[in-house]
Amino acid sequence: MATYLLIIIYVIFISLGLPDSVIGSIWPSIASSFNIDVDFQGFVTITISLFTILSTFLTIKLVQVIKEKYIVIFSILLTSIGLLCFGLSNNFILLVLSCVPLGLGAGAIDSILNSYVANHYKAIHMNFLHAFWGVGTIVSPIVLSLYLKDNETSWRIGLYFLSALQFIIFLFSFINIKVWDKVEKNFLTRENKEEEHIKVGFF
């Protein structure tokens, strides 16, 4: 069961990587659609970064009142909504506002799952975890290029597709939410046994 949860976490890290390479892939087309300078990309990336940092700090407090699994699953939904809003935006202000859920969702997923895997799994799994993030960053440009190949304004359709993909990952994670509870019980039992073993060793 712990292995199955690890697979779920790997899939979630693919979803974490999906939005990260979107801006660079389609920004020339976005700038052309909105008739703005390409330098405006800085406002978008800074907004995402600021809210990612804010989310990371807020998560430290949130996990004290809300279970980690709920924060992670809601964050996946946030990134899906962010990508959808990004595609629906008809002016630059709305485009920047769409970056808020993208940043908030990414920061929470990153901080919680990195901590969770580091605490409960072997170190080698951290390497694979970030490798799956890399898979997500590769998938996005490939998907978007398929749409941009025909029409420069079709970047919106590509974003809708990525948003739908994120939503599928959200559903997959939500359906398997009980797996977290089962695995956490096993982790707790194992940790208690390890503590008992240490105590016995001192006497």
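Residues numbered from 1 in each chain as written. Predicted model: local features only at pLDDT ≥ 70, side-chain atom pairs only at ≥ 80, totals over all residues. Heavy atoms only, no water.

Right, let's talk about empty space enclosed by the protein for a bit. The full count for this structure, using the stated rule, is one cavity of 30 Å³ or more. Here the largest cavity defines a volume of roughly 30 Å³. As for the largest cavity, its lining consists of P19, V22, I23, I48, L83, F86 and L102. Counting residues per element, the ones that place at least two in the lining of the largest cavity are helix 2 (22-34) and helix 4 (68-88). In the lining of the largest cavity, the residues fall into seven nonpolar, no polar and no charged. (1 Å grid on protein atoms, 1.4 Å probe; cavity = no way out; pocket = protein on both sides within 12 Å on 5 of 7 lines; lining within 4 Å. Points joined across faces, edges and corners; volume = space filled by probe spheres on them. Helix = DSSP H or I, 4+ residues; strand = E, 2+ residues; numbered from the N terminus. Nonpolar A, V, L, I, M, F, W, Y, C, P; charged D, E, K, R; others polar.)

By secondary structure assignment, the location of L50 is in helix 3 (residues 41-62). Measuring from C-alpha to C-alpha, the distance between L50 and L104 comes to 8.9 Å, with 54 residues separating the pair along the chain.

Right, let's get into the packing of helix 3 against helix 6 (residues 99-120). At a minimum axis distance of 7 Å, the contact between helix 3 and helix 6 shows a crossing angle of 45 degrees. As judged from the angle between their axes, helix 3 and helix 6 are oblique. For the element pair helix 3 and helix 6, the recorded crossing hand is right-handed. On the side of helix 3, the interface is formed by V44, T47, I48, F51, T52, S55, T56 and T59, while helix 6 contributes C99, V100, L102, G103, L104, A106, G107, A108, S111 and I112. When its residues are assigned to classes, the contact of helix 3 with helix 6 shows 10 nonpolar, eight polar and no charged. (Axes fitted to C-alpha atoms, helices over the stretch in contact; angles between N-to-C directions. Parallel < 35°, antiparallel > 145°, perpendicular 65-115°, else oblique. Left-handed = near helix turned anticlockwise from the far one by under 90°. Contact = heavy atoms within 4.5 Å.)

With that out of the way, let us pick up the pattern of salt bridges. Going through the model one piece at a time under the given rule, you end up with one salt bridge. With a shortest N-O distance of 2.5 Å, D181 and K69 are connected by a salt bridge. Remark: K69 occurs in helix 4 and D181 occurs in helix 9 (residues 177-202); sequence separation between them is 112 residues. Take D181: its relative accessible area is 27%, and that puts it in the partly exposed class. (Salt bridge = Lys/Arg side-chain N within 4 Å of Asp/Glu carboxyl O. Buried < 20%, exposed > 50% of the residue type's maximum accessible area, 1.4 Å probe, protein only.)

With that out of the way, let us pick up the layout of surface pockets. A water-sized probe, rolled over the atoms, reveals where empty space remains. Taken as a whole, the largest pocket encloses approximately 260 Å³ of empty space. Looking at the largest pocket, it is lined by 14 residues, and the ones nearest its centre are P19, D20, I48, T52 and A106. Of all the secondary-structure elements, those providing two or more residues to the lining of the largest pocket are helix 1 (2-17), helix 3, helix 6 and helix 7 (124-148). For the lining of the largest pocket, the class distribution of residues is eight nonpolar, four polar and two charged.

A contiguous patch of positive charge on the surface is contributed by K67, K178, K182 and K185. Along the chain, the position of K178 falls in helix 9. (Patch = residues over 30% accessible without salt bridge, like charges linked within 9 Å, V, L, I, M, F, W, Y side chains within 5 Å. Areas by Shrake-Rupley, 256 points an atom, 1.4 Å probe, with all protein chains shown as cover. Lys, Arg positive; Asp, Glu negative; His and termini not counted. Charge placed at Lys NZ, Arg CZ, Asp CG, Glu CD.)

The end-to-end C-alpha separation of helix 7 is 37 Å, in line with the 36 Å expected for 25 residues at 1.5 Å each. Those residues of helix 7 lying buried are M126, L129, G134, G136, T137, S140, V143 and L144. At its buried positions, helix 7 is contacted by helix 1, helix 2, helix 6 and helix 8 (155-175). (Expected span 1.5 Å × (residues − 1).)

Let us look at the packing of helix 4 against helix 6. Close contact between helix 4 and helix 6 brings their axes to 7 Å; oriented N to C, the two are set at 150 degrees. Viewed along their axes, helix 4 and helix 6 adopt a mutual orientation that is roughly antiparallel. Along this stretch, helix 4 crosses helix 6, giving a crossing that reads as left-handed. Contacts between helix 4 and helix 6 involve E68, I71, V72, S75, I76, L78, T79, G82, L83 and F86 on the former and, on the latter, C99, P101, L102, L104, G105, A106, A108, I109, I112, L113 and Y116. Taken together, the residues that form the contact of helix 4 with helix 6 break down as 16 nonpolar, four polar and one charged.

Of note, N35 is a non-glycine position whose phi angle comes to about 55 degrees, a positive value. Here N35 lies in the loop between helix 2 and helix 3. The class for N35 is exposed, based on a relative accessible area of 71%.

Function cannot be inferred from these measures alone, as they are strictly geometric.
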